[in-house]
Amino acid sequence: MNVLLVTREFPPTMVGGIAKLSFHLYNHLRRLGINVKVVAFGDNSSSHEDIIFFTPSSSITNRTDHSLSGALKIPIDIKRFTHFVNKLIKTESFDVVHVLEPYVGGFIRHKYKVTTIHDTVCRELKAWVKYPLQQSFKRIAFYSSLGYIMEFFSIHNSKVIITPSIGTASTLRRIYKVHKSNIRVIPNGIERPKKLVDQQIAKKSIGIDPNTILIFTTAHHVARKRLEVFIKAVKYLKNWNVKNFKAIISGEGPLTNYYREITCKLGVSNLIVFTGWLNEKELDLYYSACDIFVITSEAEAGPITLLEAGIRGKAIVTTNIDGLPILMKHGIHCLKFDIGDSKMLAKHLQKLIFNDKARMIIGSNAKIFSEQFTWDKIARKVAQVYQELMDESYFAYRNN
């Protein structure tokens, strides 16, 4: 079987979780004996073997929003990218074309096209309208115009939609009227760490006292991640005179400066460290060092970060949302709080800061939970979708 993966990002271009999805799916599908080629935005000079990078002229692969001119060139890049991929499809023989992000693959065409949709335009817009217009204008403009168009065509010219989240699947059925037989819910995966770093050594390496409780979160700084909830929870801990902890926020994005301003305004700059974007080696060190990992998102398709922390046995505190958190049991695999409830988040953090045993038990259970989602298992489920598509009679049966 010959498969073409089409994606916005692929290592070394790393913006968010899609790069990890692309990379691990590519490797594990190949291990299953499937011939896989990848086309992604990136430096064309880095292209090799079956990985083709298409050099952008816009800011489409930037982690933060830059000049308006760079943003305005995104539609041009998508048009050029689409033409390039469609030409490749015509000149080479692919059994399946799998688009891993709808915003770059809406007009890519193939008889057996699969599209992975992590979240929808309607949920993105719902998140962005909560923020000041000067922070959200570019993203609102994108999702209400080009983003919507690309998503619409991605949905309606794909044989199958894969989504990691039952919440996104529900939105696709209710709002986008996608037939349930055309949707497959396949969660994101996790790669087991080759070697675990000792926590005390990791803490020393990043300048944290080994006796200090480290609370960590990492995310692309965009609206649906709701990182201001994490910052406000730290403010509660300060007001309650909770000591002996440090909070670290890694990642970057269009809301980074906004989050920094809130941190200063609330007077918790001495308790929160912004690291900026971390490469994979650095990220592993911070995961190893932390005692508690936090997710404050109001919507998620995964998230992969939950699995990355969980596989390392970290105590997880997460919003009570769909995606992976809905599969976890409160008080066993994690502690949950309602979207936007920074006070409840702070109470959970306070409990874990003072209770070593609770951290250990929840972390141990989080590890067991995460091990269900290794990439080899996820790749087999994706390969099964490809095989179903190749069997027209099976697919016809599913649609009746």
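All figures in this text were calculated on a predicted structure; none of them were measured in a lab. For every chain, the first residue of the written sequence is number 1, and numbering continues from 1 onward in sequence order. Totals for whole chains, interfaces and linings use all residues, but because this is a predicted model, local features are given only for residues with pLDDT of at least 70 and pairs of side-chain atoms are given and counted only at 80 or more. To get the side-chain values, take all heavy atoms of the structure and skip hydrogens and water.

Mind showing me how you'd approach the overall build of the protein here?
Looking only at helices and strands, the protein features 16 helices and 13 strands. For 400 residues, the compact-globule estimate of 2.2 N^0.38 gives 21 Å, and the C-alpha radius of gyration of the protein, at 21 Å, lies within 12% of that figure. Here the C-alpha coordinates of the protein stretch approximately 65 × 45 × 45 Å along the principal axes. Among the 400 residues that make up the protein, the fraction classed as buried is 58%. Shrake-Rupley sampling with a 1.4 Å probe provides the accessible areas, and residues are treated as covered by the protein chains on show and by no other component. Approximately 17,200 Å² of the protein is accessible, and the part contributed by carbon and sulfur atoms is 53%. We treat Lys and Arg as the positive residues and Asp and Glu as the negative residues; His and chain ends play no part in the count. Working definition for charges: the position is that of NZ of Lys, CZ of Arg, CG of Asp or CD of Glu. Of the charged side chains in the protein, 55 are positive and 34 negative, and the gap between their average positions amounts to 4 Å. Put simply, DSSP marks the helices as runs of H or I at least four residues long and the strands as runs of E at least two long, and each gets a number from the N terminus on. Here the globule rule reads 2.2 Å times residues to the power 0.38, and the radius of gyration is calculated from C-alpha atoms. Summary of the burial criterion: residues with accessible area below 20% of their type's maximum are buried, those above 50% are exposed, and those between are partly exposed, where the area comes from a 1.4 Å probe applied to protein chains only.

I tried to follow the pairing of strand 8 (residues 213–218) on my own but got confused; where do I start?
In regular strands, side chains alternate between the two faces of the sheet. Taking burial as the measure, the six residues of strand 8 include six buried ones, the bulk of the element. The alternating pattern of strand 8 places Ile213, Ile215 and Thr217 and Leu214, Phe216 and Thr218 on opposite faces, both of which are buried. For two strands to count as paired, DSSP must find a minimum of two bridges between them. Two elements, strand 8 and strand 9 (residues 245–250), share six bridges in a ladder whose sense is parallel. Residue pairing for strand 9: Ile215 is matched across the bridge by Ala247. A crossover connection joins strand 8 to the parallel strand 9 through helix 9 (residues 227–239); in handedness this β-α-β unit is right-handed. Bridge count between strand 8 and strand 11 (residues 292–295): two bridges; the pairing is parallel. From the neighbouring strand, Phe216 faces strand 11, where its bridge partner is Phe293. Orient the strands so they point away from the viewer; a crossover is then right-handed if the path from the first strand over the helix to the second runs clockwise.

Honestly, the pattern of salt bridges in this entry has me stumped. Any pointers?
Working definition: two side chains of opposite charge can pair if their charged atoms are close together. What makes a salt bridge here is a side-chain nitrogen of Lys or Arg within 4 Å of a carboxyl oxygen of Asp or Glu, nothing more. A complete count under the given rule lists 21 salt bridges for this structure. For Glu298, the salt bridge identified is with Lys130, shortest N-O distance 3.1 Å. Note that Glu298 is positioned in the loop between strand 11 and helix 12 (304–310) and Lys130 in the loop between helix 4 (121–128) and helix 5 (133–143), a separation of 168 residues in sequence. Residue class for Glu298 comes out buried when judged on its relative accessible area of 12%. Across the pair Asp356 and Arg359 runs a salt bridge whose closest N-O atoms are separated by 2.8 Å. Here Asp356 and its partner Arg359 are both found in helix 14 (residues 356–370), three residues apart, which amounts to about one turn of the helix. Take Asp356: its relative accessible area is 51%, and that puts it in the exposed class. The class of Arg359 is buried, set by a relative accessible area of 12%. Residues joined by salt bridges that share partners form a network here, namely Glu124, Arg224, Lys225 and Glu300.

Honestly, the packing of aromatic side chains in this entry has me stumped. Any pointers?
How two aromatic rings sit relative to each other is set out by the distance from centre to centre and by the angle between their planes. Within 6.5 Å between ring centres, the rings of Phe, Tyr and Trp (the latter by its six-membered ring) count as paired, and their orientation is classed by plane angle as stacked under 30 degrees, edge-to-face over 60, tilted in between. Inspection of every chain in the model, using the stated rule, returns 22 aromatic pairs. Among the aromatic residues, those joined into a ring-pair cluster are Phe10, Phe23, Tyr26 and Phe53.

Would you explain the pairing of strand 12 (residues 315–319) in this entry?
Extensive coverage of strand 12 is indicated by the burial of five of its five residues. The parallel pair strand 11 and strand 12 is bridged by helix 12, and the resulting crossover is right-handed. Relative to strand 13 (residues 335–337), strand 12 runs parallel, the two being bridged by three bridges. Across the sheet, residue Thr319 finds its bridge partner in strand 13, namely Phe337.

What should I look at first to understand the sheet that holds strand 2 (residues 35–41) in this one?
Hydrogen bonds between backbone groups are what pair the strands of a sheet, and the pairing can be parallel or antiparallel. Taken in spatial order, the seven strands of this open sheet run 3-2-1-4-5-6-7, and their pairing is parallel. Among the strands making up the open sheet, the edge pair consists of strand 3 (51–54) and strand 7 (183–185). Sheet twist, expressed as the average angle between the axes of neighbouring strands with direction ignored, equals 20°. The contact definition used throughout considers only heavy atoms, calling two residues in contact when any of these lie within 4.5 Å. Axis definition: a line fit to C-alpha positions, over the contact stretch in the case of helices; interaxial angles, taken between N-to-C directions, run 0 to 180 degrees. Contacting strand 1 (2–7), strand 2, strand 3 and strand 4 (96–99), helix 3 (residues 74–91) crosses the sheet at an angle of about 160° to strand 2.

Just to check I follow, could you spell out empty space enclosed by the protein for this structure?
With a 1 Å grid spanning the protein atoms alone, the term cavity applies to any set of points in which a 1.4 Å probe fits but cannot get out, the term pocket to an open set with protein on both sides within 12 Å along at least five of seven lines, and the term lining residue to any residue with an atom within 4 Å of a point. Grid points are joined across faces, edges and corners, and a volume is the space filled by probe spheres set on the points. Tallying each qualifying case throughout the model produces one cavity of 30 Å³ or more. Approximately 80 Å³ is the volume found for the largest cavity. As for the largest cavity, its lining consists of Leu21, Leu25, His98, Thr116, Ile162, Pro164, Ile186, Pro187, Asn188, Ile378 and Val382. When residues of the lining of the largest cavity are traced back to their parent elements, those giving at least two are helix 1 (17–31) and helix 15 (375–390). Only Asp, Glu, Lys and Arg are considered charged in this grouping, and only Ala, Val, Leu, Ile, Met, Phe, Trp, Tyr, Cys and Pro are considered nonpolar; every other residue, Gly among them, is considered polar. Considering only residue class, the lining of the largest cavity consists of eight nonpolar, three polar and no charged.

How should I be thinking about the packing of helix 9 against helix 13 (residues 342–354) in this particular structure?
The description of two helices packed together rests on the angle between their axes and the distance between the axes. For the pair helix 9 and helix 13, interaxial distance at closest approach is 8 Å and the crossing angle is 60°. Here helix 9 lies oblique to helix 13, going by the angle between them. In the crossing of helix 9 with helix 13, the sense of the turn from one axis to the other is right-handed. Contact with helix 9, carried on its side by Val229, Phe230, Lys232, Ala233, Tyr236 and Leu237, involves Ser342, Lys343, Leu345, Ala346, Leu349, Gln350 and Ile353 of helix 13 and no other residues of that element. The cut-offs work like this: below 35 degrees is roughly parallel, past 145 is roughly antiparallel, 65 to 115 is roughly perpendicular, and the gaps in between are oblique. Should the near helix be turned anticlockwise from the far one by less than a right angle, the crossing is left-handed, and should it be turned clockwise, the crossing is right-handed.

I'm lost on the layout of surface pockets in this one. Help?
A water-sized probe, rolled over the atoms, reveals where empty space remains. Approximately 650 Å³ is the volume found for the second largest pocket. Contributing to the lining of the second largest pocket are 25 residues, with His24, Glu191, Arg192, Glu280 and Arg312 lying nearest its centre. Residues of the lining of the second largest pocket, tallied by class, amount to 11 nonpolar, four polar and 10 charged.

Whenever I open this one, the confidence of the model for the protein confuses me. Can you help?
Note: predicted coordinates in regions of low pLDDT should not be interpreted at a detailed level. Per-residue confidence for the protein gives a mean pLDDT of 92, with 96% of residues at or over 70. For every residue, the predictor assigns a confidence score, pLDDT, that lies between 0 and 100. Of all secondary-structure elements in the protein, the lowest mean pLDDT belongs to helix 16 (residues 392–398), at 54, while strand 11 reaches the highest, 98.

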